[in-house]
Amino acid sequence: MKTNEKKQNGIVYTPKPLADFLSEKLFKVLKKDKKSYRILDPACGEGELLESIARYAKAKGIIVELFGFDTDNRALLVADNRLQKYGYKFQLNNSDFLEFCLNNIDFSVDGVIANPPYVRTQALGDEVSKKLARNFHLSGKIDLYQVFYAALPSVLNENGGISVITSNKFLTNKTGGVLRKLLIENFYIDFLVDLGDTKLFDAAVLPAVIVGKKDSKVRQPIINFYKIYESNDDKREEKVEKLNDIYSVIKFERTGYFNIENQKYHATKGRINIPENFKDVWALATDEEYKWALNMKACFGSTISSFGKVRVGIKTTADNVFIRNTWETVEPHPDNELIHPLYSAKKSRRWFIDTINIEKLDKILYPMQAGNGRRKAEPIKLENYPKTKAYLEANYEQLSKRSYVIKAGREWFEIWVPQDPKLWSQAKIIFPDISEEPKFMIDLDGMYVDGNCYWITLNEGVPVDYLYLIVGVANSRAMQRFHSIMFQNKLYSNKFRFISQYVEKYPMPNLNRKESKNIVRIVKALLSCKLTQMEAEKQIENEISRILDGDSDRHSTGQQSLF
């Protein structure tokens, strides 16, 4: 299979050192009283993981029988050639493991080692995704790797072991709740390793390793974890140990700061406190970090969701039609009253929007109007905007091919994810989806917001000063630490995701506190250029520290943690 075909099908083969790590971990959780073990790789590819099992078993004098499934016959020929030399019984099946499980009656194994394909819901297609979810009793949006884990209990003997690689996204996003629930209800997880942005192999997603055994009788309250990520903390150079091999760090679960091939890494270990609600993310935090974050929640008392609504920006699904840097030369030319400045992530900065260069922003054609019924944003009546009608009809071929728009009962020219037009003129906070640091900005100019950003408006009746309080706290180093501990959704290149499911849970103090009022005053002074950014940020951190240290009274009552 060609490289591009592998990537399209979510296939990334496992490098030898990582395969050996998985094999060693699997044998540690297998029953010790057996004379031989039946080991399965449900998506074996060219056999890297099965060969690693054979290699480990041979060195330890363990008898194994190996089973592999894959739909790529060429890859199975490579796997067959690899396994022949070890002298163990093995069976490679050129078939779909998931289809096999639906008809399985008497096949079972003692252990599973796997790196199943990672294919997102969008790539699977709606019909395939729904069929898999129905067949394996899953709900909500699913990815293909989740289905593989749903199938494993049906082929594992009781207390059978698993040592598997998966995307670490399941730890920190809403859709991962499907897999979090499945794991806790069907397995006892002995250990979880978050390999973060270490780039141990050529995968588009960040990997994690799950080691455990089939056990549906006990719901465990905690899971031991180990994690390692790239670090850009230049303040700890004196504590950095220089090594030649990252696997020596991971294998022995070493903690601290390490320099490997001129890249610095930070490794920690601790316990995941499993939330009662599977929708809540798993925080891979040390005891010290978790205690600090819980203290912040307790001291602040409320969350952003108590005062405002976090919304996603506009997603047109046809940006080349709706978004342009200039519309002056476009023919047919749409009605100017439907064209608006669009703020996007590429223009994002901390604190405030660069209104001086507002003319340099992209502009969006927004053929939506305030709705009167269930929908907050409805399509305009084209006959009322003849110029816009002519422009959109000139792009009919592209727009009408968005079958999901038509299937949803929408007009062919609609924007896929719009927002209530009445809200754009309100004072709000804008921030980018992905950034290396918090970039929360106050908008008082009625900007429209691109889909690579989110925005916050206040709930009805909430004083506008809460906008200044939220932007001050959200941009702080303290909140950046809280985000890293509780949501730890780090991507490659030291960037994080700032999306609604995280930001709405940011702890927020009540405006009645004197520290809160000071933060509002400081932010306003910064925005009016009476303070430099450095001065303002230092003063805000001091006010937050006073709250966290309990240096003053709350000046309000009834504050409780809401998440």
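Treat the numbers as computed from the prediction; the structure is a model and nothing was measured.

S.K.: Describe unusual backbone geometry, with residues and values.
M.R.: Here Glu331 and Pro332 are connected by a cis peptide whose omega angle stands at -5 degrees. Phi at Thr317 takes a positive value of approximately 60 degrees, unusual for a residue other than glycine. Residue position: Thr317 is located in the loop between β13 (308–312) and α12 (319–322). For Cys529, which is not glycine, the phi dihedral falls at a positive 65 degrees. As for its placement among the helices and strands, Cys529 is situated in the loop between α19 (514–527) and α20 (533–549).

S.K.: Go over the confidence of the model for the protein chain with me, naming the residues and quoting the values.
M.R.: Summary statistics for the protein chain give a mean pLDDT of 88 and a share of 91% for residues scoring 70 or more. Note that pLDDT drops below 50 for residues 1–11; the model gives that stretch 14 contacts with residues more than four away or on any other chain. Taken as a whole, residues 553–563 scores under 50 in pLDDT and shows 26 contacts with residues more than four places along the chain or in a different chain.

S.K.: Hey, could you go over helix α16 (residues 465–474) for me, with residue numbers and the actual values?
M.R.: Burial runs high along α16: 9 of the 10 residues are buried. Those residues of α16 not exposed but buried are Tyr466, Leu467, Tyr468, Leu469, Ile470, Val471, Gly472, Val473 and Ala474.

S.K.: Explain the environment of Ala370 to me, and be specific about the residues and the numbers.
M.R.: By the element assignment, Ala370 lies in strand β18 (residues 368–370). Along the sequence, Ala370 and Lys422 sit 52 residues apart, while their C-alpha atoms lie 6.5 Å from each other. With residues near it in sequence (within four places) discarded, Ala370 still touches Lys376, Asp420, Pro421 and Lys422.

S.K.: Kindly report on the pattern of salt bridges, identifying the contributing residues and their values.
M.R.: For the coordinates displayed, the defined rule picks out 31 salt bridges. A salt bridge links Glu48 to Arg82; the nearest nitrogen and oxygen atoms lie 3.7 Å apart. With Glu48 in helix α3 (residues 48–60) and Arg82 in helix α4 (residues 73–84), the pair connects residues that are 34 residues apart, well separated along the chain. Assessed through its relative accessible area of 12%, Glu48 is described here as buried. A salt bridge links Asp420 to Lys422; its shortest N-O distance comes to 3.1 Å. A single network of salt bridges, built from pairs that share partners, joins Lys16, Asp20, Glu48, Glu51, Arg55, Arg82 and Lys85.

The rules we used
- All residue numbers refer to positions counted from 1 along the written sequence of the respective chain.
- Confidence filtering applies because this is a predicted model: local features only for residues at pLDDT of at least 70, side-chain atom pairs given and counted only at 80 or more, and all residues used for totals across whole chains, interfaces and linings.
- Just so you know, side-chain values use all the structure's heavy atoms and leave hydrogens and water out.
- A run of H or I in DSSP becomes a helix once it reaches four residues, and a run of E becomes a strand once it reaches two; helices and strands are each numbered from the N terminus.
- pLDDT measures the predictor's confidence residue by residue and takes values from 0 up to 100.
- What makes two residues a contact is simply this: any of their non-hydrogen atoms within 4.5 Å.
- Here the term buried applies to any residue with accessible area under 20% of the maximum for its type, exposed to any over 50%, and partly exposed to those in between, with areas from a 1.4 Å probe on protein chains only.
- Salt bridges are counted wherever a side-chain nitrogen of Lys or Arg sits within 4 Å of a carboxyl oxygen of Asp or Glu.

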